[in-house]
Amino acid sequence: MSLVADTLMHVNLVRHIEKRLENAMEGLAGKMFKGPLHPVELASRMIREADLAVTEGPTGPEAPNAFEVRIPPALLTDDVPGKYLQELAKAAEDTAVERGWRLAGPVRVTIIEDPALTSGISCTVSTVEGPIQAWGRLTGSDGQFGLHHNRLLVGRSDVADVSISQSSVSRSHARFWRDGAGVWVQDLNSSNGTSVNGTPISATTLVPDGSVVSFGPSAYTLRLLA
């Protein structure tokens, strides 16, 4: 992706987050902060820190999913509504989907009152593993396989995110992921190839809902979950 395209996507994403938070937080910001700090500013800071901490893993870019935000007492009220933390977490999760980041678990946001801070906020990130709700599933003659991570490995290996015990499936057969443009699949130089709706693929391929994805002769229907 070019620098211009990446910058434009980031700007559009920030605007989406701003609109979402403003609608969700209507009337709450004043109950949480005493000063000029706004939920959108905090969410943008979290996303910036996550972006800086992205690493390259076996399935592609991986981002931290735990955020510890420290705020000076002068800027924080006595109580932070649970809805606020939920919306901040959702903003981070939406960003992970849009950018195609893999998360090790659900997003966790902790806000701490820190007397050592006199101005501004501090945000540290880390990775905490945990169960993730499925966003899709692959259904074949040998059963159903949930798609949980934004990026995942399909193969015969026991360490694959989707482990298919078919001899025609390579140990590391294909890579699935989703981003702002949709769901994608990439063959990983497997022995028997990967096909989408009967057409063998040689490059990264978009997979619409309801498509039949075949790993060698083993076919599965992709269904996206609401």
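Small disclaimer: the values here were computed from a predicted structure and weren't measured.

Enquirer: What am I meant to see in the side chain of R102 here?
Expert: Tracing the sequence through the fold places R102 in the loop between helix 4 (82–99) and strand 4 (108–113). Judged by relative accessible area, R102 falls into the buried class, the value being 15%. Polar side-chain contacts of R102 include one of 2.6 Å to the backbone oxygen of R151. Apart from residues no more than four positions distant in its own chain, R102 is found in contact with T59, P61, E62, A63, H149, N150, R151, L152 and D161.

Enquirer: Help me understand the sheet that holds strand 13 (residues 199–200), please; the structure alone is not making it clear to me.
Expert: Sheet strands line up and pair through hydrogen bonds in the backbone, either parallel or antiparallel. Strand order across the open sheet formed by six strands is 7-6-16-15-12-13, with antiparallel pairing between neighbours. For this open sheet the edge positions go to strand 7 (143–147) and strand 13, each flanked by a neighbour on one side alone.

Enquirer: Sorry, what's going on with helix 4 here?
Expert: One full turn of an α-helix is made of 3.6 residues, so residues set three or four places apart face in the same direction. Counted at 1.5 Å a residue, the expected span for helix 4 with its 18 residues is 26 Å, and the 26 Å between its end C-alpha atoms agrees. Those residues of helix 4 lying buried are Y84, E87, L88, A89, A91, A92, D94, T95, A96, V97 and R99. Following helix 4 by one or two positions, G100 has its phi on the positive side, about 75°.

Enquirer: Mind showing me how you'd approach unusual backbone geometry here?
Expert: Peptide bonds are trans in most cases, and residues, glycine excluded, mostly fall at negative phi. A positive phi is found at N189, a non-glycine position, where the angle reads about 55°. Note on placement: N189 falls in the loop between strand 11 (182–187) and strand 12 (194–196). The backbone of N197 shows a phi angle near 55°, a positive value even though the residue is not glycine. With respect to the element layout, N197 can be found in the loop between strand 12 and strand 13.

Enquirer: How do you make sense of the pairing of strand 10 (residues 174–179) when you look at a structure like this?
Expert: The side chains of a regular strand alternate, first on one face of the sheet and then on the other. The sheet contact formed by strand 8 (residues 151–155) and strand 10 spans four bridges and is antiparallel. Its bridge partner lying in strand 10, L152 is registered against F176. Relative to strand 11, strand 10 runs antiparallel, the two sharing six bridges. Looking at the pairing, R178 lines up with V183 of strand 11. Taking the residues between adjacent antiparallel strands as the criterion, strand 10 and strand 11 are bridged by two residues.

Enquirer: Explain the nonpolar core here, please?
Expert: A general tendency of soluble globular proteins is for nonpolar side chains to be buried together. Residues L42, M46, F67, I71, L88 and I111 are the most contacted members of the largest nonpolar core, which totals 22 residues. Residue assignment for this core shows that the elements contributing at least two residues are helix 3 (39–52), strand 3 (66–71), helix 4 and strand 4. Every residue in contact with M46, bar those within four places of it in the chain, is listed here: F67, V69, L88, A92, V109 and C123. Ranked by size, the runner-up nonpolar core spans 20 residues in total, among them L138, V169, I201 and L222.

Enquirer: Explain the sheet that holds strand 4 here, please?
Expert: Spatially, three strands are ordered 4-3-5 in an open sheet, and the strand pairing comes out mixed. Only two strands of the sheet have a single partner each, and these edge strands are strand 4 and strand 5 (122–126). Pairwise comparison of adjacent strand axes, ignoring direction, gives a mean angle of 15° for this sheet. Note: strand 3 against strand 4, six bridges, orientation parallel. Residue pairing for strand 4: E68 is matched across the bridge by T110. Helix 3 contacts strand 3, strand 4 and strand 5 of the sheet and is inclined by roughly 45° relative to strand 5. Packing against the sheet, helix 4 makes contact with strand 3 and strand 4, and its axis sits at approximately 130° to strand 4.

Enquirer: I tried to follow the packing of aromatic side chains on my own but got confused; where do I start?
Expert: Geometry of an aromatic ring pair is reported as the spacing of the ring centres plus the angle between the planes. Under the definition given, this model contains three aromatic pairs. Between the aromatic rings of F145 and Y220, the centroid separation amounts to 5.8 Å while the plane-to-plane angle is 80°, which identifies the pairing as edge-to-face. Taken together, the residues F145 in strand 7 and Y220 in strand 16 (residues 218–224) connect sequence positions 75 residues apart. A relative accessible area of 16% places F145 in the buried class. Overall, Y220 belongs to the buried group, its relative accessible area being 2%. Residues F176 and F215 carry aromatic rings whose centres are separated by 6.4 Å and whose planes lie at 70° to one another, so their mutual orientation is edge-to-face. Taken together, the positions of F176 in strand 10 and F215 in strand 15 (residues 212–215) put the pair 39 residues apart, joining distant regions of the chain. Of the two residues examined, F176 and F215, each falls in the buried class. Clustering of aromatic rings is evident, with ring pairs tying together F145, F176, F215 and Y220.

Conventions and cut-offs
Residues numbered from 1 in each chain as written. Predicted model: local features only at pLDDT ≥ 70, side-chain atom pairs only at ≥ 80, totals over all residues. Heavy atoms only, no water. Helix = DSSP H or I, 4+ residues; strand = E, 2+ residues; numbered from the N terminus. Buried < 20%, exposed > 50% of the residue type's maximum accessible area, 1.4 Å probe, protein only. Polar contact = N/O pair within 3.5 Å; in protein donor to acceptor, adjacent residues only side chain to side chain. Contact = heavy atoms within 4.5 Å. Pairing = 2+ DSSP bridges. Expected span 1.5 Å × (residues − 1). Core = buried A, V, L, I, M, F, W, Y, C linked by side-chain atoms within 4.5 Å. Axes fitted to C-alpha atoms, helices over the stretch in contact; angles between N-to-C directions. Phe/Tyr/Trp six-rings, centres within 6.5 Å; stacked < 30°, edge-to-face > 60°.

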